[in-house]
Structures are given as C-alpha cells and as structure tokens.
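One-letter residues, chain by chain:
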Amino acid sequence: MFKSIYVKYIVTFMVIIGTSLILLLAIIGTLVDEYSETSKNEAVSAAAGAIGQGIQTKLQKFGSSGSFATFCDHYENDIDVQINTVKAMANFPVTVFIADSEGSILLARPDENCDYQNGAQIPRSLMDEINNGVEQSVLNNLEGIFDTPHVISATPIYLRNNYVCGTVIVCCDMESISDFAEVLIKTVAISSLWVMLAALIAIYFISDRISAPLKEMRQAAKSFASGEFSVRVPVV
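First, a word on scope: everything that follows refers to the structure included in this document. What you see is a predicted model; the values in this text were computed from it and never measured.

Rules behind the numbers
- Residues numbered from 1 in each chain as written.
- Predicted model: local features only at pLDDT ≥ 70, side-chain atom pairs only at ≥ 80, totals over all residues.
- Heavy atoms only, no water.
- Helix = DSSP H or I, 4+ residues; strand = E, 2+ residues; numbered from the N terminus.
- Buried < 20%, exposed > 50% of the residue type's maximum accessible area, 1.4 Å probe, protein only.
- Contact = heavy atoms within 4.5 Å.
- Core = buried A, V, L, I, M, F, W, Y, C linked by side-chain atoms within 4.5 Å.
- Salt bridge = Lys/Arg side-chain N within 4 Å of Asp/Glu carboxyl O.
- Arc of directions from axis to C-beta.
- Pairing = 2+ DSSP bridges.
- Axes fitted to C-alpha atoms, helices over the stretch in contact; angles between N-to-C directions.

The helix and strand inventory of the protein chain stands at 5 helices and 5 strands. Helices and strands appear in the protein chain in the N-to-C order α-α-α-β-β-α-β-β-β-α. Out of the 236 residues in the protein chain, the part that is buried amounts to 36%. Of the contacts made within the protein chain by residues no fewer than 6 positions apart, 57% connect residues no fewer than 24 positions apart.

Encoded structure:
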C-alpha cells in the first residue's frame, strides 16, 4: 500500500521534471540560436566593413584611370593580406567575395566547406540595394551559390564621386550556429538527466525510510488482530 503511494508520487515527480526539462531545452535552443545568429551577423558585418575600408583606401590611391576589375587584379596580393587577416581574427570559417557593381565575382576566397563555382553571380536583387549605397545583412544562399543558408553581409565600395564600383561580401555558414546550439542542448540535457537520476535515488531511499515505521505498525496491527499481543513496535 505505502510502496504504491510513494511510487505514484515518484512517477508524478518525474513526469513534472521531465516536462519542465523539455520546455527548458526548447527555450534554451531558441535563445541560443537567436543569440548566435545576432553575434554572427555583427561579426560578419564588422569583417566586411574592415575589408571594404582597406580596399577603399587603396582605391583612392589607384584613382579612376582603370576599372574596378583592373584594380582588383593589380592589388590582388594586398587584398588577400587583408582578407587573410580578417579570417584569422574570426573564430569561425568565412567566405569572402569581391564583386563589381554588376555582381560579377572578381575575387573569391571561400572557406574549406564552400561549394562555390567559378563564374557565379551575386543576385541582382542584392546588388540593386548595394548599388544604392545600402549595406546588406541577410540570411540566404545567394540564389544557389551555397547549398545551405548563410549569414551574409555586403558593404559597398565607392569611387571618389560616390559611385558604387563594387562590393565586399562576407558569408558564414549557418550550420556552425546550429552545431553550437546542439552541443549546448546536449550538455544541458545530460546534466539534467544526471540530476534527475540522483533525485530519483534520493527520493526512493527517503520514502523507504519514511514508510518503514508505517509498515511495522501495519504488521503489528495484523498481529494484534490475530491475537498476538507480544509484538512491539520500536519508537523512532
């Protein structure tokens, strides 16, 4: 009787804890995804701005005697130094594109997991906004350049007359965000399961200790009912 009552209490307790754990993991997963995406957006935007500023400075010295494609070809090594510096400072893989105002990719420095194909074009819709001088922060796959959604930041590059001649586009794979969230959720889940197991063991022994005197009293009552009056129940 007493055992079954405490079993019901334990089962109810475990159901409540389990439901709370599921809700907690769902909330943590959502918060981590939102925080990670925001952090990546800020980092990718800063990277695009840093590369764009470096190119802008050199472009002012280069003048307007040649096209932006000629500039990129002439200063490719210097641009690579800037890109590699930014990549080294980032704590996640990034892909960098330098494109002209038409969206033709002039320089591409993909990360090791990027499936970029030569001759790819930056989507016209994105270039229209950039050519209007609007920095872009979006989440998409650049119309097939990537297989999966990427955090993308684009910074326009200007000539002296404020004409947009090109853009710097920095991209980061969303999978790295999901991987981080998955690791965190697994860690919280495993820790919570260990806590639940410890609580279950503790409840079992505590309930057994509490119910032991009641069992002895029940056994003594049965003995009295059968005419055995010598049974004694110890005082605890």
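Bringing the nonpolar core into the picture now. Residues Ile51, Ile55, Phe68, Phe71, Ile79, Ile98 and Val170 are the most contacted members of the largest nonpolar core, which totals 26 residues. Of all the elements in the fold, those that place two or more residues in this core are helix 1 (2–62), helix 2 (68–74), helix 3 (76–89), strand 1 (95–100), strand 4 (150–158) and strand 5 (164–173). Once residues lying within four places of it in the same chain are set aside, the contact partners of Ile51 are Gln82, Ile83, Val86, Val96, Ile98, Val168 and Val170. Counting residues in each nonpolar core, the second largest holds 17 residues, with Ala120, Ile122, Ile130 and Val164 among its members.

Let us look at the pattern of salt bridges. Following the criterion strictly, the structure yields 5 salt bridges and no others. With its nearest N and O atoms 2.9 Å apart, the salt bridge here joins Glu76 to Arg109. Placement of Glu76 in helix 3 and of Arg109 in strand 2 (residues 105–109) is noted, with a sequence separation of 33 residues between them. A relative accessible area of 27% places Glu76 in the partly exposed class. The salt bridge involving Asp80 is made with Arg109; its shortest N-O contact spans 2.5 Å. Here Asp80 is found in helix 3, whereas its partner Arg109 is found in strand 2, with 29 residues between them in sequence. The exposure classification of Asp80 matches that of Arg109, with both residues buried.

Below, the discussion takes up the side chain of His150. The residue His150 is located in strand 4 in this model. The exposure class of His150 is buried, given its relative accessible area of 5%.

All right, on to helix 4 (residues 124–131) then. When helix 4 is considered as a whole, its buried residues turn out to be Leu126, Met127 and Ile130. All buried residues of helix 4 lie within an arc of 95 degrees about the axis, which places them on one face of the element. Close packing links the buried residues of helix 4 with strand 1, strand 3 (136–140), strand 4 and strand 5. After helix 4 finishes, the residue Gly133 shows a positive phi value of roughly 85 degrees.

Next up on the list: the sheet that holds strand 4. With antiparallel pairing, the 5 strands of this open sheet are ordered in space as 2-1-5-4-3. Strands at the two margins of the open sheet, each flanked by one partner only, are strand 2 and strand 3. Taking each pair of neighbouring strands and ignoring which way they run, the sheet shows an average axis angle of 20 degrees. Summarising the sheet, strand 3 and strand 4 pair through 5 bridges and their orientation is antiparallel. Across the sheet, Asn140 pairs through a bridge with His150, a residue of strand 4. This element, helix 3, spans strand 1 and strand 2 of the sheet and lies at about 40 degrees to strand 2. Contacting strand 1, strand 3, strand 4 and strand 5, helix 4 runs over the sheet at an angle of about 125 degrees to strand 5.

What follows deals with the environment of Val138. As for its placement among the helices and strands, Val138 is situated in strand 3. According to the relative accessible area criterion, Val138 is partly exposed, its value standing at 24%. As a C-alpha pair, Val138 and Ser153 span 15 residues in sequence and 6.6 Å in three-dimensional space. Those residues within four positions of Val138 in sequence are excluded, and the remaining contacts are His150, Val151 and Ile152.

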